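# Secondary and tertiary structure notes
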Amino acid sequence: LHLSNNQLDDGALDSLHKFLSVRRSLFCSSGQAGAVPPCYIYIHGNRMSEAVLDSIARQRLCSNDRVYQGARYVAQNRVHERSVSSLVQNYGGNFHNFASNSMMSSVGGYLRDDSHLVYIDLDGCHISDDGIRMLNNGGLRHNKCLQYLSVSNNCIHLLGFVTLLEAIVTGLPALRAVAVNDNPVFDNVEMSGALYTSCLQLLGQCSRLILLYLAATGLSDHVGSDIV
C-alpha cells in the first residue's frame, strides 16, 4: 500500500489502524489467523508528526505488518541524534530522506550485526562515494540476510558504484535487488579508465541479482552496450 508523498496528517492514523484491523479480521474469519501475510505500507513524504509515526511503529495490529515511515520533518537534527538501532526499531529499514553521509559507518555496523532486516531504503540521503565507502567498511558486505538495498537519488558516482558492486560480489549472499537510480554514476565517465573496466568486470559477477535499477544514471548508448 503506497501512500507516500501526499498530504496525509495525523488524522490518517485512525484510518490506517482501521484498515489493519479489518484486514486482520478478514483473515481471522477465514481461519487463517496464524498465517496473515505481511502488509507493507509506505507513508513517507506526508505531514504526520513524530508522535504519530512512533505510535504506528509501536502499535502494530499484526506482528508481521511493516510500516515504512519517514516524513519530511524527520530530516531535522534531533532525529540524526538517535542511534541507528533506535531508528530501525521505530522506522524499519526506511531511512528515506533522513540519514546522512556521517551516519553511514553506523548504518554499516548495524547491518553487519543485524540478523533480521531484509530491506533498507537510503533514498535521498545525500550519500556520496565516501558514504558508500563508509557503509561498506562499516560492515555492509558482511550482512547475511539483506535482500533489497536502495541508494537511489543520492550523489553516487562511478567510484561509489564500484565500491557497492565489490560489496555485492564479495558478500551479501541474500541480496537480490539493488536500486541505484537517479545518481550521476555514469556522467562524464572515462570509458578507457581502469575504474570503468573494473565496473564492467564486477557487473559480470552479479548474476544472482534479479533487479539492478539503473534508471537516470547517465547511461549512454556505448555504456549501455558495454553493460549488456
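Sequence order as written defines residue numbering, which begins from 1 separately in each chain. Restriction of local features to residues with pLDDT of at least 70 applies here, the model being predicted, together with a cutoff of 80 or more for giving and counting side-chain atom pairs; totals for whole chains, interfaces and linings are based on all residues. To obtain the side-chain values, all non-hydrogen atoms of the structure were used and water was disregarded.

## Details of a nonpolar patch on the surface
Put simply, the test is: Surface patches are drawn from residues lacking salt bridges whose relative accessible area is over 30%; two like charges belong together within 9 Å, two nonpolar side chains (Val, Leu, Ile, Met, Phe, Trp, Tyr) within 5 Å. Note on areas: these come from Shrake-Rupley sampling with a 1.4 Å probe, and a residue is covered only by the protein chains present in the view. Salt bridges are identified by distance alone: a Lys or Arg side-chain nitrogen within 4 Å of an Asp or Glu carboxyl oxygen. What counts as a helix is a DSSP run of H or I of at least four residues, what counts as a strand is a run of E of at least two, and both are numbered from the N terminus. Classification of residues uses two cut-offs on accessible area relative to the type maximum, computed with a 1.4 Å probe and protein chains only: under 20% is buried, over 50% is exposed, and between them is partly exposed.
A surface patch of nonpolar side chains, about 330 Å² in accessible area, is lined by Ile210, Leu211 and Tyr213. Its location among the elements puts Tyr213 in strand E6 (residues 211-213). Residue classification places Tyr213 among the partly exposed positions, given a relative accessible area of 40%.

## With respect to the nonpolar core
Here is the rule we go by: Put simply, buried Ala, Val, Leu, Ile, Met, Phe, Trp, Tyr and Cys residues joined by side-chain atoms within 4.5 Å make one nonpolar core. Pairs of residues are marked as contacts when any of their non-hydrogen atoms sit within 4.5 Å.
Counting 41 residues, the largest nonpolar core has Leu122, Leu140, Leu149, Phe161, Leu164 and Ile168 as the members making the most contacts within it. Within the residue set of this core, elements represented by two or more residues are helix H5 (104-113), helix H6 (129-138), helix H7 (158-170) and helix H8 (194-203). Element by element, the count of residues in this core is highest for H7, at 7 residues. The contacts of Leu149, once residues within four sequence positions are left out, are Ile120, Leu122, Leu140, Leu164, Leu175, Ala177, Val178 and Ala179.

## Considering the side chain of Asn136
Looking at the secondary structure, you find Asn136 in helix H6. Leave out the neighbours within four places in its chain, and Asn136 touches Arg141, Thr163 and Ala167.

## As for the sheet that holds strand E3 (residues 119-121)
Spelled out, the test is: Strands pair, by our definition, only if DSSP identifies at least two bridges between them. Angles shown run from 0 to 180 degrees and are taken between the N-to-C directions of axes, each axis being a line fitted to C-alpha atoms and, for helices, limited to the stretch in contact.
The sheet built from 4 strands is open, its strands ordered E3-E4-E5-E6 with parallel pairing. Looking at which strands have only one partner, the edges of the open sheet turn out to be E3 and E6. Taking the axes of each pair of neighbouring strands and ignoring which way they run, one obtains an average angle of 5° across the sheet. Pairing between strand E5 (residues 177-179) and E6: 3 bridges, direction parallel. Among the inter-strand pairings, Val178 is bridged to a residue of E6, identified as Leu212.

## Some details on the pattern of salt bridges
Using the criterion set out here, one finds 1 salt bridge in the structure. One salt bridge in this structure joins Asp130 and Arg133, with 3.8 Å as the shortest N-O distance. Here Asp130 and its partner Arg133 are both found in helix H6, 3 residues apart, which amounts to about one turn of the helix. The exposure class of Asp130 is partly exposed, given its relative accessible area of 44%.

## Things to note about the confidence of the model for the protein chain
Quick reminder of the rule: On a range of 0 to 100, pLDDT expresses the predictor's confidence in each residue.
With 70% of its residues at a pLDDT of 70 or more, the protein chain has an overall mean of 78. Mean pLDDT across the elements of the protein chain ranges from a minimum in helix H3 (residues 77-80), with 42, to a maximum in H7, with 96. Here residues 68-81 is a poorly scored stretch, pLDDT under 50, and it has 49 contacts once near neighbours within four places are set aside; other chains count.

## Description of the packing of aromatic side chains
What counts is decided by this rule: Aromatic contacts are taken between Phe, Tyr and Trp rings whose centres are within 6.5 Å, Trp giving its six-membered ring; a plane angle under 30 degrees counts as stacked, one over 60 as edge-to-face, and the others as tilted.
This structure, assessed with the given rule, holds 2 aromatic pairs. Arranged with centres 5.0 Å apart and planes meeting at 10°, the rings of Tyr119 and Tyr148 form a pair that is stacked. With a gap of 29 residues between them, Tyr119 in strand E3 and Tyr148 in strand E4 (residues 148-150) connect regions that are remote in the sequence. The class for Tyr148 is partly exposed, based on a relative accessible area of 25%. Taking 5.9 Å as the distance between ring centres and 75° as the angle between the ring planes, the aromatic pair formed by Phe161 and Phe186 counts as edge-to-face. A residue pair is termed long-range when its members are at least 10 positions apart, and Phe161 in helix H7 and Phe186 in the loop between E5 and H8 qualify at 25 residues. An identical accessibility class is assigned to Phe161 and Phe186; each is buried.

## Remarks on the environment of Cys125
As for its placement among the helices and strands, Cys125 is situated in the loop between E3 and H6. With 29 residues separating them in the primary sequence, Cys125 and Asn154 have C-alpha atoms 6.2 Å apart.

## Quick word on the environment of Ser128
With respect to the helices, strands and loops of the structure, Ser128 is situated in the loop between E3 and H6. Between the alpha carbons of Ser128 and Leu159 there is a distance of 9.5 Å; along the sequence they are 31 residues apart. Excluding its chain neighbours within four sequence positions, the residues that come into contact with Ser128 are Asn101, Cys155 and Ile156.

## Describing H8
To be explicit about the condition: Our arc is simply the arc of the directions from the helix axis toward the C-beta atoms.
Within H8, burial applies to Tyr196, Cys199, Leu202 and Leu203. Down the axis, H8 shows its buried residues gathered within 125° of arc, on one side only. Residues of H8 that are exposed and point over 90 degrees away from its buried face: Ala194 and Gln201. Contact partners of the buried residues in H8: H7, E6 and helix H9 (221-227).

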